[in-house]
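# Architecture at a glance
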Amino acid sequence: MTHLKSRETILFGAILCLLLVVATRFPGFVAPENLIAVFTDTSPLIILALGQMAVILTRCIDLSVAANLALTGMVCAMINVAAPDLPVGVILTVALAIGAMLGAINGILVWKLNIPPIVVTLGTMTIFRGIIFLLTEGKWINAHEMSPQFTGFPRSDVLGMPVLGWIAVLVSVVMLVVMARTTLGRSIYAVGGNPHAAVYTGIDVGKTQFAAFVISGMLAGLTGYLWVARYSVAYVDIAGGFELDVVAACVIGGVSIAGGAGTVVGTLLGALFLGVVKNALPVVDISPFWQLAISGAAIIIAVAFNAQSGRSKGRVILKSAEHAQ
Amino acid sequence: MTNQASEQSGDPAFAPVLSLDNITKTFPGVKALDGVELHLYAGEVTALIGENGAGKSTVVKTLTGIYQPDGGQIMLDGKPVHFPTPQDAADAGVTAIHQETVLFDELTVAENVYIGHAPKNRFGLIDTKAMHAKTTEILNSIGAPIDAGIKLKDLGIASRHLVAIARALSVEARVVIMDEPTAALSQTEIEELYELVNKLKAQGKAILFISHKFDEIFRIADRYTVFRDGQFVGAGKINGVKEAELVQMMVGRAVEQLFPKRHAEIGDEVLKVVGYSHPTEFEDINFTLRRGEILGFYGLVGAGRSEFMQSLIGITRPSKGVVRIDGTVKVIRSPADAIQAGIVYVPEDRGKQGAIVDMPIFQNVTLPSLHKTSRDGFIRLAEEFALAREYTERLDLRAASLDTNVGALSGGNQQKVVIAKWLATQPRVIILDEPTKGIDIGSKAAVHDFMSELAAQGLSVIMVSSEIPEILGMSDRVIVMREGRMVVELQGDDLSPETLVRHAVGIQTEGDAA
């Protein structure tokens, strides 16, 4: 815990430094309204990363989140085209349900067939994109085909911040409660921390991993509608490759790829770090290639951090192995 | 130390190839080897005999350069040698076939045999042709018709074992160590292995044969050496010794009253197991357990004790059998069912199966009891903390805060966390699998004391242990298992080290209904 807390402080410091450096060149960047804009722009990444965090904590990975997002987004857009008067509440429910269902497919394959998660989600990632193509024959759904209330929802302003940003806040709070205060959250940490021990304490490892995939899928579905509505366009390739940003946000935020360690706050900061990098660098006229290099370096530094904290654990295991002689 | 049969090797002209002289090896808190001696002779098989924990594996690791002795001398052909690394031991011609053979599934037989010392051609690349030819030659010499070019994963267990032996012989071996080589083999495969051992003897190799099985030892060994609790007890020629004498040497300590077994009121029947069977691991297990009773399960490693316990708590499914708690039939399909029924299991490998080191103490303690401190899936932190505090205090756990990660605690304290975790579920029956394995004497006494206290408080305890003093000192009754079956149930005056070992290794003695 102490490790994680110090890491979160460091990450928070890094984000502040970044903002400061940018502010010296371009003071407007740190103006409240711009920071809100940056937060809102990062919201999809935050929502997806929080779902991904739950999955990674159980020693799995979900590479299908971006494809899930695109498929759910497309279905929402098609529903909107077919029934433009359907209230947004229904669309949101549908998005959550479809996303959860797609996540459940991943979860079932991991739980019941014992297929490695990276293989399962690599497969479903391609399948989900393929289904979009089958549904649309590659055609786009553009802004003029969508109803104004459909596209307007995530952008509508509440207390100075677009709804999209508020949804990220809401998801963060819900995930904070789920991870810290529910038996499911505790099981997720236990399964990733020590699956053998978890079994003995009566936790069903496969079922817990399934639940994590459903959470991740549900949040990906939700983001699917928000994404399509915000950009007012839906096509096969939206958010292509975005799953890697999502995993990166988790890793930078201190979620251990080995499972069992990571926090909601850390993940949130990891996503924000990437969001600030992405938004700040163009402003101060640094090439987007630098942006890639900086995110890459951040990932490696974060993983090095994880490896450091994991090392002492390795020593303890060796010692006990020696004792067992 | 009682040297009942320390007649050293007779013929002085017949000098040992390899000798261990007064070797000592200490691990933190445990003296694994205490001045042991061992002599291996060319063309002869020496059996190393001892209970679990007698120091046999430590000797193997010392001989093969994995451990460095703290004191004493290894002598090769009468000259002192050191094996700072496994490679040095291999270079000196000492090679071991381990209990669990370490081979590579995706490599070919030849690659497995020569990994690490493959023959090179003049460009410094691996000479595949020579490697295959040499491998075939070795395999032929041990009568194993295995294609050197096929991948290891396509071979059965017995053939893999032969590959492991070929690998041991691929370095110019003079001393071959076989650590329980027959443990995973079927009867015909064992016969083949005996033939192979005879071939190696004929080639003049000195063989160290580690086994629990007496029939095997008498069949194949020329000499024996007995260790007990890391000490040398005796050695001699096999044809001058009786089984009973070896058993005596293995266990022949005066069973000291180290064990603070307190008187516990033995009450009504709590647990009754009838006809518990599993397709491959154990068969027809029947017993009852009363309130306040400690029931010992003794047997050799691999007798199926842990496997049975894991089935009892729902990790694996039995093929048939019934469990009753207080007379009511309980269906246990998962560990959660077992916890609900009041049966908890503290596994042997506490590092791997016990604590979750990345989690704080209080979360570890409450993990199996979360249903008690939560409503509708939401945890009530105050109740959770109270529960954790209650049980950690009962175990006198010392930590700065219950929020400390378990990984930061000492081994003994981690163990307390694991036990607190199980007590917090308020079980009726607690199963302790090798509760004191690998911990020092002081901690052992604490665990035993605690076990007594649990029984005195009315908990029923099942203790799986391979340590005879512990079994004898703590148990009210003992069930001995061998090869997946209950061999005998002993109590009172029937309990003696000799009877336990006899039943566990399967020696039939007249006047004793085995």
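Please refer to the structure placed before this passage.
Residues numbered from 1 in each chain as written. Chains lettered and ligands numbered in written order. Predicted model: local features only at pLDDT ≥ 70, side-chain atom pairs only at ≥ 80, totals over all residues. Heavy atoms only, no water.

## Some remarks on the overall build of chain A
- The secondary structure content of chain A amounts to 13 helices and two strands.
- Taken over the C-alpha trace, chain A has a radius of gyration of 20 Å; the compact-globule value for 325 residues is 20 Å, and the two agree within 12%.
- Scored against the burial criterion, the 325 residues of chain A give a buried share of 53%.
- Element-wise, carbon and sulfur atoms account for 73% of the exposed surface of chain A, whose accessible area totals about 13,900 Å². (Helix = DSSP H or I, 4+ residues; strand = E, 2+ residues; numbered from the N terminus. Rg over C-alpha atoms; globule rule 2.2 N^0.38 Å. Buried < 20%, exposed > 50% of the residue type's maximum accessible area, 1.4 Å probe, protein only. Areas by Shrake-Rupley, 256 points an atom, 1.4 Å probe, with all protein chains shown as cover.)

## So, the overall build of chain B
- For chain B, the count of helices and strands is 17 helices and 22 strands.
- Sequence separation of 24 or more characterises 67% of the internal contacts of chain B that already satisfy a separation of 6 or more.
- If you sum the accessible surface of chain B, you get close to 22,100 Å²; carbon and sulfur atoms cover 49% of it. (Contact = heavy atoms within 4.5 Å.)

## Some points on unusual backbone geometry
All names here are of chain B.
- For Asn22, which is not a glycine, the phi torsion comes out positive at approximately 55 degrees.
- With relative accessibility at 49%, the residue Asn22 sits in the partly exposed group.
- For Asp229, which is not glycine, the phi dihedral falls at a positive 50 degrees.
- Along the chain, Asp229 falls in the loop between strand S9 (223–228) and strand S10 (231–237).

## Some remarks on the state of the cysteines
- Here the structure, examined in full by the defined rule, presents zero disulfides over all chains.
- Its sulfur unpaired, A:Cys60 is 13 Å from the next cysteine sulfur, which belongs to A:Cys250. (Disulfide = S-S within 2.5 Å.)

## Some thoughts on the sheet that holds strand S15 (residues 328–330) of chain B
Residues and elements named next belong to chain B.
- Read from one edge to the other, the open sheet built from four strands follows the order S12-S11-S14-S15, with strand pairing classed as antiparallel. Edge strands, defined here as strands with exactly one partner in the open sheet, are strand S12 (285–290) and S15. Each strand axis lies, on average, 20 degrees off the axis of its neighbour in the sheet, ignoring direction.
- Across five bridges, the pairing between strand S11 (residues 269–277) and strand S14 (residues 320–325) is antiparallel. Looking at S14, one finds that Lys272 is bridged to Arg324.
- Those strands touched by helix H9 (residues 305–312) are S11, S12 and S14, and its axis lies near 110 degrees from that of S11. (Pairing = 2+ DSSP bridges. Axes fitted to C-alpha atoms, helices over the stretch in contact; angles between N-to-C directions.)

## Focus: helix H1 (residues 56–63) of chain B
Residues and elements named next belong to chain B.
- Within H1, six of the eight residues are buried, leaving the element largely enclosed by the surrounding structure.
- Every buried residue of H1 is accounted for by Lys56, Thr58, Val59, Val60, Thr62 and Leu63.
- Looking one or two residues past H1, Gly65 carries a phi angle of roughly 80 degrees, positive in sign.

## Considering the pattern of salt bridges
- Evaluated as defined, the whole model comprises 19 salt bridges over all chains.
- Two residues, B:Glu434 and B:Arg305, come together in a salt bridge whose shortest N-O distance is 3.9 Å. Separated by 129 residues along the polypeptide, B:Glu434 in the loop between strand S19 (429–433) and helix H15 (441–456) and B:Arg305 in helix H9 bring together distant segments of the chain.
- Linked by salt bridges that have partners in common, A:Asp41, A:Arg230 and A:Lys278 make up one network. (Salt bridge = Lys/Arg side-chain N within 4 Å of Asp/Glu carboxyl O.)

## A look at the packing of helix H2 (residues 32–57) of chain A against helix H7 (residues 163–181) of chain A
All names here are of chain A.
- One way to put it is that H2 packs onto H7 with a least axis distance of 8 Å and a crossing angle of 20 degrees. Between H2 and H7, the angle falls in the class roughly parallel. The interaxial crossing formed by H2 with H7 has left-handed handedness. Contact with H2, carried on its side by Phe39, Thr40, Ser43, Pro44, Ile46, Ile47, Leu50, Met53, Ala54 and Leu57, involves Leu164, Gly165, Ile167, Ala168, Val169, Val171, Ser172, Met175 and Met179 of H7 and no other residues of that element. (Parallel < 35°, antiparallel > 145°, perpendicular 65-115°, else oblique. Left-handed = near helix turned anticlockwise from the far one by under 90°.)

## Some remarks on the interface of chain B and chain A
- If you look at the interface, chain B gives 42 residues, while chain A gives 25 residues.
- In total, about 2,900 Å² of surface goes out of reach between chain B and chain A, with carbon and sulfur atoms giving 61% of it.
- Counting across the interface, chain B meets chain A through one salt bridge.
- The interface formed by chain B and chain A holds five residue pairs in polar contact (both at pLDDT 80 or more) in total.
- Counting only elements with at least two residues in the side of chain B that touches chain A, the list comes to H1, helix H10 (335–341), helix H11 (350–353), helix H12 (361–366), strand S18 (378–379), helix H13 (381–394) and helix H14 (411–423) of chain B.
- The residue inventory of the side of chain B that touches chain A, partitioned by class, reads 23 nonpolar, 12 polar and seven charged. (Buried area = accessible area lost by both parts, 1.4 Å probe. Polar contact = N/O pair within 3.5 Å; in protein donor to acceptor, adjacent residues only side chain to side chain. Nonpolar A, V, L, I, M, F, W, Y, C, P; charged D, E, K, R; others polar.)

## As for the packing of aromatic side chains
Residue and element names in this part refer to chain B.
- Tallied over the entire structure, the rule returns 13 aromatic pairs over all chains.
- Judged by centre distance (6.0 Å) and plane angle (25 degrees), the ring pair of Phe297 and Phe308 falls under stacked. Placement of the pair is Phe297 in strand S13 (residues 294–298) and Phe308 in helix H9, with a sequence separation of 11 residues.
- Looking at Phe297, the relative accessible area reads 0%, which means it is buried. (Phe/Tyr/Trp six-rings, centres within 6.5 Å; stacked < 30°, edge-to-face > 60°.)

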